[in-house]
Amino acid sequence: MMAISFPESLVSAVRGAKKVAVMTGAGISAESGIPTFREAQTVLWSRFRPEELATPEAFRRDPKRVWEWYQWRRSLIANARPNPGHLALATMANHWQKLTVITQNIDGFHQLAGSRNVLELHGNIHRTKCFENHHFAEKLDLTSDAIPPRCQQCQSPLRPDVVWFGEMLPQKELSAAAEAVGACDLFFSIGTSSVVYPAADLVFAAIRRGVATIEINPAETPASSSFSFSLRGAAGEMLPSLLQAAWPQ
Ligand code: OAD
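Residues numbered from 1 in each chain as written. Predicted model: local features only at pLDDT ≥ 70, side-chain atom pairs only at ≥ 80, totals over all residues. Heavy atoms only, no water.

Q: Can you explain the overall build of the protein chain? Please cite residues and give values.
A: Helix and strand counts for the protein chain stand at 10 helices and eight strands. The globule rule puts the C-alpha radius of gyration for 249 residues at 18 Å, and the 19 Å found for the protein chain is close to it. Projected onto its principal axes, the C-alpha coordinates of the protein chain cover approximately 60 × 35 × 30 Å. With 249 residues in all, the protein chain has 50% of them scored as buried. (Helix = DSSP H or I, 4+ residues; strand = E, 2+ residues; numbered from the N terminus. Rg over C-alpha atoms; globule rule 2.2 N^0.38 Å. Buried < 20%, exposed > 50% of the residue type's maximum accessible area, 1.4 Å probe, protein only.)

This is how it looks when you write it as structure tokens:
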């Protein structure tokens, strides 16, 4: 690993923290090979923008297309693994009294990497529910050829249990996230463009509290200048280096 040098004030903020809240976005999974939302889609799906697929209207209009887009994303995720960024974060939790990982990602990689206290603001692609009545589907009925498959209770088409544009975030997760942000003494924003609300509200709430805040992102975001430290780099390099700098071994 290439040594990255961090300001001593940053390293001691990390080392001395007790309650930490972390907001993550698509960027933390980029190095696992999962494309972020605002980068070009693959050739297969390049004609569609996520904003045109991840909505209830898109699903009503063309449920098969939306279902197949998620099937494609499910297979990307199934063939990928958490990367050193997810893993370093899970290890850092051992050094703090409390770590709350608030994620906009639906891939479940934080949990796979060993993080325990994870709040999924945008749902999880591995869960399926029906469109009309939100009945959860424990298993899919693969005996039928219907795409999307149908709910076994009410015959409504099935969809992933993720939050689409125009839908409410899960209230329990959102209020637990606000509580963690309100109680933290160190906050990280990792791999998120901070342009999608209400998740971005949490980032700005942390900044307003005046606690130490660290952004990790190879690109500048609308929030970059407001952080105590804005680190330009990939999460999969920055987080393992920061772990090593704070707790050398
Ligand atoms: P975006 O695609 O908007 O932003 C990803 C961010 O990750 C960008 O700022 C990149 O610069 C940064 N990035 C890229 N590679 C990185 C790396 N290796 N390490 C760290 N950062 C990296 O994704 P989100 O902010 O997650 O919502 O988008 C928020 C929401 O908008 C998503 O959850 C999704 C989306 O449309 C829904 O599906 C409701």
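Q: Describe the nonpolar core, listing the residues and the values that go with them.
A: In this structure, V14, W96, F188, I214, I216 and L239 are the most contacted members of the largest nonpolar core, which totals 29 residues. Broken down by secondary-structure element, the contributors of at least two residues to this core are α1 (8-16), β1 (19-24), α6 (84-92), β2 (98-103), β6 (186-190), β7 (212-216), β8 (229-231) and α10 (235-246). The element best represented in this core is α10, accounting for six residues. Apart from residues no more than four positions distant in its own chain, F188 is found in contact with V14, V20, A21, V22, M23, W96, I214, I216 and L242. Grouped together as the second largest cluster of nonpolar side chains are 20 residues, A21, I102, A177 and A199 included. (Core = buried A, V, L, I, M, F, W, Y, C linked by side-chain atoms within 4.5 Å. Contact = heavy atoms within 4.5 Å.)

Q: Outline the environment of V162, supporting the account with residue identities and numerical values.
A: Structurally, V162 is set in strand β5 (residues 158-162). Judged by its relative accessible area of 4%, V162 falls in the buried class. Spatially, the C-alpha atom of V162 lies 8.8 Å from that of L121, the residues being 41 residues apart in sequence.

Q: Give a detailed account of the side chain of T213, specifying residues and quantitative values.
A: Following the sequence through the fold, T213 ends up in strand β7. Among all residues touching T213, those that are not within four sequence positions of it are F187, A206, I207, S226, F227, S228 and F229.

Q: So what's going on with the sheet that holds strand β3 (residues 118-120)? Which residues, and what values?
A: The six strands lie next to each other as β3-β2-β1-β6-β7-β8, forming an open sheet whose pairing is parallel. Looking at the sheet topology across the chains shown, the edges are occupied by β3 and β8. Averaged over all adjacent pairs, the angle separating strand axes in this sheet is 15 degrees, with direction ignored. Where β1 meets β6, five bridges bridge the pair, whose relative direction is parallel. Among the inter-strand pairings, V20 is bridged to a residue of β6, identified as L186. Running at roughly 135 degrees to β3, helix α8 (residues 171-183) makes contact with β1, β2, β3 and β6 of the sheet. (Pairing = 2+ DSSP bridges. Axes fitted to C-alpha atoms, helices over the stretch in contact; angles between N-to-C directions.)

Q: Tell me about the pairing of β6, and name the residues and values.
A: The element β6 is extensively covered by neighbouring structure, given that five of its five residues are classed as buried. In β6, alternate side chains face the same way, and those of L186, F188 and I190 on one face and F187 and S189 on the other are all buried. The pairing of β6 with β7 spans five bridges and is classified as parallel. Across the sheet, L186 pairs through a bridge with A212, a residue of β7. In the classification by handedness, the crossover that spans β6, the intervening helix α9 (residues 199-209) and the parallel β7 is right-handed. (Right-handed = clockwise from strand over helix to strand, strands pointing away.)

Q: Explain the packing of α8 against α9 to me, and be specific about the residues and the numbers.
A: At their nearest, the axes of α8 and α9 sit 9 Å apart, and the two run at 20 degrees to each other. When the interaxial angle is binned, α8 and α9 end up roughly parallel. Judged by the twist between their axes, the crossing of α8 over α9 is right-handed. For the pair α8 and α9, contact is made by L174, A177, A178, V181, G182 and A183 and by L202, A205, A206 and R209, respectively. Taken together, the residues of the contact of α8 with α9 sort by class into eight nonpolar, one polar and one charged. (Parallel < 35°, antiparallel > 145°, perpendicular 65-115°, else oblique. Left-handed = near helix turned anticlockwise from the far one by under 90°. Nonpolar A, V, L, I, M, F, W, Y, C, P; charged D, E, K, R; others polar.)

Q: Any details on empty space enclosed by the protein? Residues and values, ideally.
A: Unfilled space is identified by rolling a water-sized probe across the atoms. By the definition in use, this model includes one cavity of 30 Å³ or more. Quantified by volume, the largest cavity comes out at close to 200 Å³. What lines the largest cavity is a set of 16 residues, among which A26, I34, P35, F37 and R73 lie closest to the centre. If one sorts the elements of the lining of the largest cavity by residue count, helix α5 (residues 63-78) sits on top with five residues. Classifying every residue of the lining of the largest cavity gives 10 nonpolar, four polar and two charged. (1 Å grid on protein atoms, 1.4 Å probe; cavity = no way out; pocket = protein on both sides within 12 Å on 5 of 7 lines; lining within 4 Å. Points joined across faces, edges and corners; volume = space filled by probe spheres on them.)

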